[in-house]
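Structure at a glance
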Amino acid sequence: MRVLIIGSGGREHALSWKISRGGKAETIYCAPGNGGTAQEGENVPLKDSDVAGLVAFAREKGVDFVIPGPELPLTLGVVDAMREAGIRCFGPDRWCAQLEGSKAFAKSIMQQAGVPTAACGVFTELEPARAFVEEKGAPIVIKADGLAAGKGVVVARTREEALEALESIMGGVFGQAGSRVVIEEFLEGEEVSLLAFCDGKTALPLPSAQDHKAAFDGDTGPNTGGMGAYSPAPVLPDSDLEAMADVAIRPVLKEMARQGHPFTGILYAGLMMTKDGPKVLEYNVRFGDPECQPLLMRLENDLLDVMGACIDGRLHEVRLSIRPESALGVVVAAEGYPGSYEKGMEIKGIDEADALPDTKVFQAGTARSEGKTLSSGGRVLCVTALGADLAEAQKRAYEAVAKIDMEKSRHRSDIGAKGLRRL
Ligand code: AMP
Ligand code: GLY
């Protein structure tokens, strides 16, 4: 099989690593890819948003199977376009991708499906939005409706902060994405991610995972794309997975199908475990990055088989086989990320870290140049390890991080700590 993966992050390296181990792919292309995917297969200089270019490339090379990693190509309709070209493509079509592409759309589906979520108001005009904030008071959460590279959510501690966020979002800092805002009740609790393979009717949940969005230890500092993740998260044990899928995943599948748009791909529910029970904060329509890295280290099934079953509506025939160990990934980032940072730093020690037992260095913002691996982005690596339990996975991942030598880099030193405290 010839496979094309779209994207350039640690998630995409994990996808290509997993597929190359499965042995069913003769060639793995990655567009645009990174230093890691270049080793697993062949990088293609096409942007993830260049849907027409990606379809033309897939046609020209006789690609049989396409896997978009990030949300952007999905919301731009890459699945629809590949399907029209007769190419199998794993993920939701453009209509279904609105679950991530529009927070107002997601809220409306949740309400129709009866999924527990924060109370909210949706606004396209500043004055009524302001009045709503004045009435509700703080803390309150302001969200740009559209995609804003993970930066469109402001958890406002004060009324002033909320009004400021409203003005900047509706004033256009995120362009069209902020022309509509969702203003939401503030929820308190521990966050956890539940991801499920979906074929339109059937949902097969993966074990839980927990991301670490804040830049610094103790969940302080600005939000990032994710500084580390582990699986399973004790806050959502395996014994609760099916029940949670019944609350947060399956009602949405049913509602989407009822509206004539069956959802295929990964449905990812971002959950807040509140004292009043679980509530859905958001849906993503793809693997999370970095959640994907520990999850794929635990998945034993052939990934192309499971994804193919999703496309063919045969997921009811599949059983997921999951390694019993815990997996934990630590993101090594460029100093300054998520603000401004330097690129082009040489990274040494990847092979030494990879040589440790049950350890894999997934590359994100890296590029190969003259036999060296150089940093080319904010999140540079996700160093991931398996261990008999969470404590061992954590120990191994940090042992591997210690092998990495890169100037002006940093990482959180407390990935997994919240889970360990709960145990
Ligand atoms: P979202 O993209 O909607 O998941 O929001 C990004 C992050 O903002 C979440 O991971 C939470 O940490 C936080 N957040 C979003 N909605 C709420 C809420 N209603 N209450 C508290 N925190 C929230
Ligand atoms: N790690 C969160 C995300 O991928 O959206």
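Structure shown above.
Quick caveat: nothing in here was measured; it's all calculated off a predicted structure. (Residues numbered from 1 in each chain as written. Chains lettered and ligands numbered in written order. Predicted model: local features only at pLDDT ≥ 70, side-chain atom pairs only at ≥ 80, totals over all residues. Heavy atoms only, no water.)

For helix α9 (residues 159–170), built from 12 residues, the straight-helix expectation of 16 Å at 1.5 Å per residue is met to within 8% by its first-to-last C-alpha distance of 16 Å. Buried within α9 we find Ala162, Leu163, Ala165, Leu166, Ile169 and Met170. Taken end-on, α9 shows its buried residues confined to a sector of 160°, consistent with a single buried face. Among the exposed residues of α9, those oriented more than 90 degrees off its buried face are Glu160 and Glu164. Lining the buried residues of α9 we find β6 (120–123), α8 (126–136), β7 (140–144), β8 (153–156) and β9 (181–185). Phi turns positive one or two residues past the end of α9, at glycine 172, with a value near 110°. (Helix = DSSP H or I, 4+ residues; strand = E, 2+ residues; numbered from the N terminus. Expected span 1.5 Å × (residues − 1). Buried < 20%, exposed > 50% of the residue type's maximum accessible area, 1.4 Å probe, protein only. Arc of directions from axis to C-beta. Contact = heavy atoms within 4.5 Å.)

For the rest of this paragraph, the subject is the site of ligand 2. All residues in the neighbourhood of ligand 2 are listed as Asp211, Gly225, Tyr268, Asn284, Arg286, Gly288, Asp289, Pro290 and Glu291. Interatomic distance of 2.8 Å between a side-chain N/O atom of aspartate 211 and a nitrogen atom of ligand 2. Here glutamate 291 contributes a side-chain N or O atom positioned 2.8 Å from a nitrogen atom of ligand 2. Looking at the shell around ligand 2 residue by residue, the class counts come to 2 nonpolar, 3 polar and 4 charged. (Near = heavy atom within 4 Å. Polar contact = N/O pair within 3.5 Å; in protein donor to acceptor, adjacent residues only side chain to side chain. Nonpolar A, V, L, I, M, F, W, Y, C, P; charged D, E, K, R; others polar.)

Moving on: helix α1 (residues 10–22). Compared with the 18 Å implied by 1.5 Å per residue over 13 residues, the 18 Å span of α1 between its first and last C-alpha is a close match. Burial analysis of α1 places 10 of its 13 residues in the buried class, the great majority of the element. Where α1 is concerned, the buried positions are Gly10, Arg11, Glu12, His13, Ala14, Leu15, Ser16, Trp17, Lys18 and Ile19. Once α1 finishes, glycine 23 follows within two positions and takes phi at roughly 80°, a positive value.

Attention now moves to the sheet that holds strand β4 (residues 65–68). Remark on secondary structure: sheet strands pair via backbone hydrogen bonds, oriented parallel or antiparallel. Pairing is parallel across the open sheet formed by 5 strands, whose spatial order is β3-β2-β1-β4-β5. At either end of the open sheet lies a strand with only one pairing partner, and these are β3 (42–43) and β5 (88–89). Strand direction decides the pairing type here: strand β2 (residues 27–32) and β3, joined by 2 bridges, are parallel. What sits directly across from cysteine 30, in β3, is asparagine 43. α1 rests against β1 (2–7), β2 and β4 of the sheet, and its axis sits at about 165° to β1. Strand contacts of helix α3 (residues 51–61): β1 and β2, with the helix running at about 165° to β1, the strand carrying the most contacts. (Pairing = 2+ DSSP bridges. Axes fitted to C-alpha atoms, helices over the stretch in contact; angles between N-to-C directions.)

The next point concerns the site of ligand 1. Within the structure, ligand 1 sits among 14 residues, and Glu184, Glu185, Leu187, Glu191 and Glu282 are positioned closest to it. In this structure, glutamate 184 approaches ligand 1 through a side-chain N or O atom, which is 2.7 Å from a nitrogen atom. Notes on ligand 1: free accessible area 460 Å², of which the protein chains cover 90%. Secondary structure elements with two or more residues in the shell around ligand 1: β7, β8, β9 and β17 (277–284). Residue classes in the shell around ligand 1 are distributed as 7 nonpolar, no polar and 7 charged. (Areas by Shrake-Rupley, 256 points an atom, 1.4 Å probe, with all protein chains shown as cover.)

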